[in-house]
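A look at the structure
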Amino acid sequence: MHVLVIEDEKELREAVVRRLRADGHGVDEASDGRSADAAMAVREPAVVVLDRMLPDGDSIELVRRWREGGLGVPILMLTALDQVGDRVAGLEAGADDYLVKPFAMAELLARVAALSRRQDVASPAQLRLGPLTLDTGRREVRRDGVLLPLRPKELVLLELLATHAGRVVTRAQIASACWDEAQEPSSNVEEVLIASLRRKLGRPSPIRTVRGAGYLLESDGDGPSDDE
């Protein structure tokens, strides 16, 4: 599952991003409304975690604009404003849930998971690409019906490739999805992760290397028999 975290307090944002990634989620992050709009234009997340007060204004207006534009993904608002009227205003604007600061990280993870389950009722969580089936709700991957034992980062990487099936995913996109700023990947760590995922997906490999650009998941789920 992919989550967009919008929080201007750097330490809190990085802590939330780390926990979500450790829990197996892909994460994009933003620090204000403008960068949030830019992130949303690149990739629509499964869940949005959104701070109520941002440097460029009250995020209620951001939520209202997104909803008027047709965005249907669940939104969890983080806020230091704990009055009933404040929570009601956010919910009326289009937020789905509220979490008052300070909060326990375990509760945030539980609320994100709950919002994702609600969304899955309306939109199937399964991505099918040839012999591969990726269930983003259960975090399970099967090839020809056989369950594959993928690690959290391998799941994040496969979901990233699957949601861009048939298109190139760059090394920078992989680094952003799988590592936070405090864990800057070494020069070959993406290749190691790709190689591990290829081994577990089996042959023929559905992942193709596009030299000088990145990697591509064949849209039919079957790729060349080599590991190019």
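As the structure is a prediction and not an experimental result, all values here were calculated from the model. (Residues numbered from 1 in each chain as written. Predicted model: local features only at pLDDT ≥ 70, side-chain atom pairs only at ≥ 80, totals over all residues. Heavy atoms only, no water.)

**As for unusual backbone geometry**
What counts is decided by this rule: Comment: elements are numbered from the N terminus, with helices defined as DSSP H or I runs of at least four residues and strands as E runs of at least two. For every residue, the accessible area obtained with a 1.4 Å probe (protein chains only) is divided by the maximum for its type, and the residue is called buried under 20%, exposed over 50%, and partly exposed between those limits.
Put simply, Lys-101 and Pro-102 share a cis peptide bond, and its omega is -10 degrees. Here Pro-102 lies in the loop between β7 (97–100) and α5 (105–122). The linkage connecting Arg-203 with the following residue, Pro-204, adopts the cis geometry, with an omega of -5 degrees. Position of Pro-204 among the secondary structure elements: in the loop between α8 (189–201) and β13 (207–210). The backbone phi angle of Asp-144 is positive, close to 50 degrees, even though this residue is not glycine. By relative accessible area, which is 63% here, Asp-144 ends up exposed.

**A word on the sheet that holds strand β3 (residues 47–51)**
Where we set the bar: A strand pair is defined by DSSP finding two or more bridges across the two strands. Comment: axis = line fitted to C-alpha atoms, over the contacting stretch for helices; angle = value between 0 and 180 degrees taken between N-to-C directions. Contacts were defined at the residue level, with two residues in contact if any of their heavy atoms lie within 4.5 Å.
Within the open sheet, the five strands sit side by side as β2-β1-β3-β6-β7. Their pairing is parallel. With partners counted over all chains shown, the strands left at the sheet margins are β2 (26–30) and β7, one partner each. Across this sheet, the average inter-strand angle for adjacent strands is 20 degrees, counted without regard to direction. Sheet topology note: the strand β6 (residues 75–79)/β7 ladder contains four bridges and is parallel. Counterpart to Met-77 in the pairing with β7 is Tyr-98. Against the sheet, helix α1 (residues 10–22) makes contact with β1 (2–6) and β2, and its axis sits at roughly 170 degrees relative to β2, the strand it touches most.

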